[in-house]
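A look at the structure
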Amino acid sequence: MRTLTIILLGIFSFQFANAQDSLNLMNKKNEINIGYLNVISLSSTDNFGIGYKYKIGDGALRFRIGLNFFNQDNKTQSDISTFKTKHFTPKIGYEFKLNYKRSVVFYGIDLCASYSANEYKYTNNYYTSNTGKGIGLSPFIGFKYFINKNISLSTETSFDFLYTETIIESGGNGVSLSKNKEKTMLGHLSPLGIFSINFHF
């Protein structure tokens, strides 16, 4: 009987401590996110990012930026070509939260922008390039799990509505051969599996 009582008291104490810990998990005001690695498709555009969230009431003001840089040189017996690309996607918005023990479902909307620049160069100085800028809205939904009160893991996806303007240019030997502007309205679903590790303080 004594053994059963001790076991029951131990289970109750553990559950109480765990409940108290769960209540204290979400008290931190500040959060830094690092990652945004797409664990399903490693070829996603925004495969690295950093973000910040500030807790306000039951939600949070958030800011993040996705980054992508790529530089490639190709050499053959008759030609050397270079491809360079860079892409930035800053977002700022507000999220609402549904808390359950160590888990959080969050959702909301971001104001988003984009900047991209791609350039191809060849041995004879011929080049083609395109530079794009965009602005739009990005509703999102995500899931977060607290490992402890200072660290959590999360994943999210969003649907980006963007208006973009792109300048397409080609030339060679310092002379511009053509220059065109394209305007586009697009909707883009971010890949599932965008993963980040979050630090709370």
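Scroll up for the structure.
This write-up is about the structure you can find in this document. This structure is a prediction, so every number in the text was calculated from the model and none was measured.

Another aspect to go through is the overall build of the protein. For the protein, the helix and strand inventory stands at one helix and nine strands. Secondary structure elements in the protein, listed N-terminal to C-terminal, are α-β-β-β-β-β-β-β-β-β. Long-range contacts, defined here as pairs at least 24 residues apart, represent 59% of the contacts in the protein between residues at least 6 apart. In the structure as shown, the protein presents an accessible area of about 12,600 Å², 64% of it carried by carbon and sulfur atoms.

Before going further, it helps to spend a moment on the pattern of salt bridges. Per the stated rule, a full pass over the model turns up eight salt bridges. Among the salt bridges present, the one from arginine 62 reaches aspartate 110, with a minimum N-O distance of 3.0 Å. With a gap of 48 residues between them, arginine 62 in strand β3 (residues 59-75) and aspartate 110 in strand β5 (residues 103-121) connect regions that are remote in the sequence. The two residues arginine 62 and aspartate 110 agree in class, both being buried. Taken together, the shared-partner salt bridges connect Glu31, Lys53, Arg62, Arg64, Glu95, Asp110, Lys144 and Glu156 into one network.

All right, on to the packing of aromatic side chains then. Throughout the structure, instances matching the rule amount to six aromatic pairs. Taking the centre distance of 5.1 Å and the plane angle of 75 degrees together, the rings of tyrosine 94 and phenylalanine 96 count as edge-to-face. Take tyrosine 94: its relative accessible area is 27%, and that puts it in the partly exposed class. Under the relative-accessibility criterion, phenylalanine 96 is labelled partly exposed at 43%. Taking the centre distance of 4.9 Å and the plane angle of 50 degrees together, the rings of phenylalanine 159 and phenylalanine 161 count as tilted. Overall, phenylalanine 159 belongs to the partly exposed group, its relative accessible area being 31%. Through a chain of ring-to-ring contacts, the aromatic side chains of Tyr94, Phe96 and Tyr107 assemble into a single cluster. Over the aromatic face of phenylalanine 140 sits the side chain of arginine 62, whose NZ or CZ is 3.7 Å from the ring centroid. Residue placement shows lysine 144 over the ring face of phenylalanine 106; its charged tip is 5.7 Å from the ring centre.

Looking now at the pairing of β5. Side-chain direction in a regular strand flips from residue to residue, so the side chains alternate between the two faces of the sheet. The sheet contact formed by strand β4 (residues 80-100) and β5 spans 17 bridges and is antiparallel. Bridge pairing links tyrosine 100 to serine 103 in β5. Taken together, β4 and the strand that follows it, β5, pair antiparallel across an intervening segment of two residues, in which lysine 101 is found at a positive phi of about 55 degrees.

Definitions and cut-offs
- Residues numbered from 1 in each chain as written.
- Predicted model: local features only at pLDDT ≥ 70, side-chain atom pairs only at ≥ 80, totals over all residues.
- Heavy atoms only, no water.
- Helix = DSSP H or I, 4+ residues; strand = E, 2+ residues; numbered from the N terminus.
- Contact = heavy atoms within 4.5 Å.
- Areas by Shrake-Rupley, 256 points an atom, 1.4 Å probe, with all protein chains shown as cover.
- Salt bridge = Lys/Arg side-chain N within 4 Å of Asp/Glu carboxyl O.
- Buried < 20%, exposed > 50% of the residue type's maximum accessible area, 1.4 Å probe, protein only.
- Phe/Tyr/Trp six-rings, centres within 6.5 Å; stacked < 30°, edge-to-face > 60°.
- Lys NZ or Arg CZ within 6 Å of the ring centre and 35° of its normal.
- Pairing = 2+ DSSP bridges.

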